[in-house]
Amino acid sequence: MLENYYRELVCFLNARLGNRQVAEDVVHDAYVRVLERSSDTPIEQPRAFLYRTALNLVIDDHRRNALRQAESLEVLDSEERYFTPSPHSTLDHGQRLDMLQRALAELAPLCRESFLLRKIEGLSHPEIAEHLGISKALVEKHIVNAMKHCRLRIKQWDAH
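A brief structural summary. Everything numeric in this text was worked out from a predicted model, so none of it was measured.

1. As for the packing of aromatic side chains
Right, on to step 1. In the structure shown here, the tally under the stated rule is two aromatic pairs.
Right, on to step 2. Plain terms: the ring middles of Y6 and Y31 are 5.6 Å apart, the flat faces sit at 50° to each other, and that makes the pair tilted. Of this pair, Y6 sits in helix α1 (residues 6-17) while Y31 sits in helix α2 (residues 20-36); the two residues are 25 residues apart in sequence, bridging distant segments of the chain. Grouping residues by exposure puts Y6 and Y31 together as buried.

2. As for the environment of E127
Right, on to step 1. Looking at where E127 falls in the secondary structure, it is placed in helix α7 (residues 125-132).
Right, on to step 2. Overall, E127 belongs to the partly exposed group, its relative accessible area being 42%.
Right, on to step 3. Separated by 12 residues in the primary sequence, E127 and V139 place their C-alpha atoms 9.8 Å from one another.

3. Some remarks on the packing of α7 against helix α8 (residues 136-158)
Right, on to step 1. As a packed pair, α7 and α8 sit with axes 8 Å apart at the nearest point and diverge in direction by 105°. Relative to α8, α7 is oriented roughly perpendicular. In this structure, α7 uses H125, P126, I128 and A129 to contact α8, whose residues at the interface are K136, V139, E140 and I143.
Right, on to step 2. Here the contact of α7 with α8 is built from residues that sort into five nonpolar, one polar and two charged.

4. Description of the nonpolar core
Right, on to step 1. Counting residues in hydrophobic clusters, the biggest one holds 33 residues, and the most contacted among them are L9, L13, V27, Y31 and L50.
Right, on to step 2. Looking at which element gives the most residues to this core, the answer is α8, with eight residues.
Right, on to step 3. Setting aside anything within four residues of it in sequence, one finds L13 in contact with G18, A23, V26, V27, A54, L55 and V58.

5. So, α7
Right, on to step 1. When we look at burial in α7, the residues that qualify are H125, I128 and A129. Each buried residue of α7 lies within a common arc of 100° when the element is viewed along its axis, so the set occupies one face. In α7, the exposed positions angled more than 90 degrees off the buried face are occupied by E130 and H131.
Right, on to step 2. Where α7 is buried, its residues meet α1, α2, α6 (109-119) and α8.
Right, on to step 3. Positive backbone phi, at 70°, marks G133, one or two positions downstream of α7.

What counts as what
Residues numbered from 1 in each chain as written. Predicted model: local features only at pLDDT ≥ 70, side-chain atom pairs only at ≥ 80, totals over all residues. Heavy atoms only, no water. Phe/Tyr/Trp six-rings, centres within 6.5 Å; stacked < 30°, edge-to-face > 60°. Helix = DSSP H or I, 4+ residues; strand = E, 2+ residues; numbered from the N terminus. Buried < 20%, exposed > 50% of the residue type's maximum accessible area, 1.4 Å probe, protein only. Axes fitted to C-alpha atoms, helices over the stretch in contact; angles between N-to-C directions. Parallel < 35°, antiparallel > 145°, perpendicular 65-115°, else oblique. Contact = heavy atoms within 4.5 Å. Nonpolar A, V, L, I, M, F, W, Y, C, P; charged D, E, K, R; others polar. Core = buried A, V, L, I, M, F, W, Y, C linked by side-chain atoms within 4.5 Å. Arc of directions from axis to C-beta.

Purely spatial values, then, with no claim about function.
Given below as structure tokens:
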């Protein structure tokens, strides 16, 4: 159901941001947020919810960038310690990476390849479509399906 709004939302954000790559990234992040939300309450207006989520991400990013420009270099350097993983979180990260690789292995080859070309190689949807010889719409569908599948499998494995 949510996949139906993908292209529309990318076009909407591209018109506002003037950068299709950034628009696609924001839409991906919005989909991730919506799919990962913890509430079991069904979304009554999925299109509006998705748009609001995407716009909130744009606003948050804008605020973060405005704050970053005002911060001193020492503050940014001192923040680095927060991003150095502890041995425990490294193990957890390694386990999660293993789960993600197993989930990706379950996908159809074109679905997996589309996802990896986008997330690992950073290719745009048109570039992936050309590379794989499929339509852009199919690339978008594959990426969303791969994200959904991986999220579902990791949730299932986490529950055990």
